[in-house]
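Fold and contact review
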Amino acid sequence: MNTSANTPDASPVLVRADNAEEIQDGATSLITLLADAGATGGALTANKATFQKGSPGAPAHFHTKATEMFFVLEGTMRILVRDEVMLLGKGDFLTVPPTAPHAFAPAPGSEAEMLVVFTPGLHRFDYYRLLERVYRGEATVQDIRDSSELYDNHYFESPVWQKALTER
């Protein structure tokens, strides 16, 4: 059986809900690790992000090497893409190409859950674990800044996003 012309040695990846690693990256958000680049032959990286009401989500950032895809499973998300803030509801899907600035958080008053996929895959699971260590006080925000090239996560200030976060 030919699995793919691009990844002939790739194997199926199955992650059972009961066995998925969960990362508490803040008081109001949780990341469930599904498949990292190493498990998918570099094809993709996937996680599920769960946000409580009021979660700050992810600040403005961009990636240089991968497209990031968002599929809203529950609730409503507020997502910045370049200089536009849009609302995505359950069942909405968005792709953000490499170098496009973006950010995301649940819409005001909403809890939300999203499937997040990067393609090609990036080794990001250790980045999510770093976020948890920062939340627990075991690492610093400077450690995140220092890892920007390694994890292809480049943060910047976005006045558009900051203004959106103040709107209720």
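Notes on the structure follow.

Cut-offs applied
- Residues numbered from 1 in each chain as written.
- Predicted model: local features only at pLDDT ≥ 70, side-chain atom pairs only at ≥ 80, totals over all residues.
- Heavy atoms only, no water.
- Helix = DSSP H or I, 4+ residues; strand = E, 2+ residues; numbered from the N terminus.
- Rg over C-alpha atoms; globule rule 2.2 N^0.38 Å.
- Buried < 20%, exposed > 50% of the residue type's maximum accessible area, 1.4 Å probe, protein only.
- Contact = heavy atoms within 4.5 Å.
- Areas by Shrake-Rupley, 256 points an atom, 1.4 Å probe, with all protein chains shown as cover.
- Lys, Arg positive; Asp, Glu negative; His and termini not counted.
- Charge placed at Lys NZ, Arg CZ, Asp CG, Glu CD.
- Core = buried A, V, L, I, M, F, W, Y, C linked by side-chain atoms within 4.5 Å.
- Expected span 1.5 Å × (residues − 1).
- Pairing = 2+ DSSP bridges.

Each helix and strand counted, the protein has four helices and 10 strands in total. When the helices and strands of the protein are read in sequence order from the N terminus, they spell out β-β-β-β-β-β-β-β-β-α-α-α-β-α. A globule of 168 residues ought to have a C-alpha radius of gyration of about 15 Å, and the protein, at 16 Å, matches this closely. Once the C-alpha set of the protein is aligned to its principal axes, its extents read approximately 55 × 35 × 35 Å. Each of the 168 residues in the protein was classed as buried or not, and the buried ones make up 42%. The contacts in the protein between residues at least 6 apart in sequence include a share of 70% that link residues at least 24 apart. Within the structure as shown, the protein displays about 9,100 Å² of accessible surface, and the carbon and sulfur contribution to it stands at 52%. Within the protein, the 22 negative side-chain charges are centred at a point lying 4 Å from the centre of the 14 positive side-chain charges.

Once that is clear, we can look at the nonpolar core. Within the largest apolar cluster, 31 residues are counted, with the highest numbers of intra-cluster contacts made by Phe70, Met77, Ile79, Leu94, Phe104, Met114 and Tyr128. Secondary structure elements with two or more residues in this core: strand E2 (29-35), strand E3 (45-51), strand E5 (67-81), strand E7 (93-96), strand E9 (112-119) and helix H1 (125-136). Of the residues forming this core, the biggest block, six residues, is contributed by H1. Among the nonpolar cores identified, the runner-up in size contains six residues, and Ala60, Leu80, Ala105 and Trp161 belong to it.

It is worth spelling out H1 at this point. Note: α-helices contain 3.6 residues per turn, so residues at a spacing of three or four share the same orientation. Counted at 1.5 Å a residue, the expected span for H1 with its 12 residues is 16 Å, and the 17 Å between its end C-alpha atoms agrees. Those residues of H1 that sit buried are Phe125, Tyr127, Tyr128, Leu130, Leu131, Glu132 and Val134. Note on H1: the residue one or two positions beyond its end, Gly137, has a positive phi of about 85 degrees.

Bringing the pairing of strand E1 (residues 22-26) into the picture now. Of the pairings in the sheet, the one linking E1 to E2 comprises four bridges and is antiparallel in character. Residue Gln24 lies in a different strand from E2, and its bridge partner there is Leu30. The antiparallel hairpin formed by E1 and E2 contains two residues in its connecting segment.

Our focus in this paragraph is the pairing of E5. Where E5 meets E9, eight bridges bridge the pair, whose relative direction is antiparallel. From the neighbouring strand, Thr67 faces E9, where its bridge partner is Thr119. The pairing of E5 with E7 spans four bridges and is classified as antiparallel. Note that in E7 the partner of Phe71 across the bridge is Phe93. Bridge count between E5 and strand E6 (residues 84-89): six bridges; the pairing is antiparallel. By the bridge assignment for E6, Val81 is matched with Glu84. Counting the residues in the hairpin turn of E5 and E6 gives two residues, including Arg82, whose phi is positive at 55 degrees. Where E5 meets strand E8 (residues 102-106), five bridges bridge the pair, whose relative direction is antiparallel. Paired with Arg78 across the bridge in E8 is Ala105.

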